[in-house]
Each structure stands twice: as structure tokens, then as C-alpha cells.
Amino acid sequence: MSADQKVLSVKDLKTYIYVNNRCNKALDGVSFDVYRGKTLCIVGESGCGKSITASSITQLLPKLSRIESGEIVYHSERGDIRIDQLERNGPEMRALRGAEISMIFQDPMTALNPVYHIGSQISEGLQYHSKNTLAQLKQTSIDLLRQMGIPLAEQRVDDYPHQFSGGMRQRAMIAMALSTKPKLLIADEPTTALDVTIQLQVLDLMKDLVAEFGMAILFITHDLGVIAQVADRVAVMYLGGIVESGPVAEVL
């Protein structure tokens, strides 16, 4: 893959939610491209469709919603894959999700399982997509927690989510998403619960991953300061559509 190669193409995507005998057009013709080694930031007010865009790409949509039309094309090394045509929880989608396309969810309290250790949840994706031993998996979890700035990582790896603060749970979620070194990372407001110092560390880590592995990042946020720091391109969403997009300096 060359540096200017597309990792993801979304063309005229329409995702509708059916509830209370109404059709809500959550996404109404969204188009954008994400390139290898680049960060595209999607910004917009609450309810404009940012998170539904991420859920459509990962096929993690609510039950009463569906992709009505449009294309989501993941440009893998094996060839183009039409994500919109894959079965939601079929073997092809499960093989992609977590290994090549990872997502950092908005709310770590609902995304983390309260009855499993943090370490086992971080290593779960690696266990599914690699052949590492349990000792290697645990060491990887410790290394990732340490990278995220969590002190005493060797001890905290065996803690449960309720023993972590909100910011630490968010960092554990980010470690989970980064564990498999995906080609495409979808980050849904990943730094919202973090204080400024840790936010800076996490954003620097993401920039390092982009530089080192050529990872493509789709970054969803409200924070214009974060956009100025990490984005190469910005897309502004409003009422389920993209109303403006371009290089970060021009849009800001």
C-alpha cells in the first residue's frame, strides 16, 4: 500500500432507523475517503450522524436500522471488500472487525464487560486473530496499559472495570482497539473522558501509530482543538449529511 492509497471509501451512504412507525434518515447520502497514514476527522453537533457512520462501517448498527443504499468499500491487501453487502455477524465481517478495522467506542462503561479482567478484555481480540500464548497475550496487555499512561500496569491488568476511573477505562478501551494494530482505526470521541495531559499522550500515540504502521484513522470529535492537532482532512456533518470537507487548515 502506498501512502496515498485509499483504505476506505464511503459513497452516498444512506442508513435509516425504523422506530415508532417512523423512518429516521440518520445518514442521508454520506461520501468520504480515508487514506493510509492519514487522519480524517468528522465533526458535527450531537445527533448529526457521526456515530451512526462509524456503526455502519463496522456493521454494529442497532437492530431496527439498516443500510438502505450506497457503498462502504474496504480496500484490503486481498482486494476490495464491500462491507455493506456482508452479513452483520457473519464470518467475513468478524474476521475484519477487530483485526483490520478497530473501533474505540464513545462510552467505556457500556463497552467494557464488568465481569472480566481488563487484561483479558484487551487481549481478547489478539487471542481471536493471532496464535500468541496466554503469557504473551498478558504481556501485550501490560505493555499497552503502560503505553496508555496507566501506573502499576502489571497489577492493574488483573483489575475489573469498576476498579478503574472513567479516564482509565477510556484508556483501556483505546488499548483494546490498538492491540491488533489495525489498518483502519475508527475513534468515536476517544479523548472525551480524559484530562488534558493524558489526552495529549493519547493523541501523540495515535500520531506515532500513523507514522509507524501507516494506519488510517477516522476520528470523530466535537473538539476543534483536537482536530487542529491530529487531522489531515476534516468533514463537517449536519443532519445526516456532509456539508463541508477539505484540508484541516482550510476548513478551520
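In this report, the structure presented in the accompanying data block is examined.

Procedures and definitions
Residues numbered from 1 in each chain as written. Predicted model: local features only at pLDDT ≥ 70, side-chain atom pairs only at ≥ 80, totals over all residues. Heavy atoms only, no water. Pairing = 2+ DSSP bridges. Helix = DSSP H or I, 4+ residues; strand = E, 2+ residues; numbered from the N terminus. Axes fitted to C-alpha atoms, helices over the stretch in contact; angles between N-to-C directions.

Before going further, it helps to spend a moment on the sheet that holds strand 3 (residues 39-44). One open sheet accounts for six strands, arranged 6-7-8-3-9-10; its pairing is mixed. Edge positions in the sheet fall to strand 6 (101-104) and strand 10 (241-247), since each has one partner strand and no second. In this sheet, neighbouring strand axes are inclined to one another by 15° on average, regardless of whether the strands run parallel or antiparallel. The pairing of strand 9 (residues 233-238) with strand 10 spans six bridges and is antiparallel.

Spatial ordering of the open sheet is given by 2-1-4-5, a layout of four strands whose pairing is antiparallel. Looking at which strands have only one partner, the edges of the open sheet turn out to be strand 2 (22-35) and strand 5 (79-82). In this sheet, adjacent strand axes meet at a mean angle of 10° when their direction is disregarded. Sheet analysis places strand 1 (residues 6-19) next to strand 2, joined by eleven bridges and oriented antiparallel. Bridge assignment links Y18 to a residue of strand 2, and that residue is C23.

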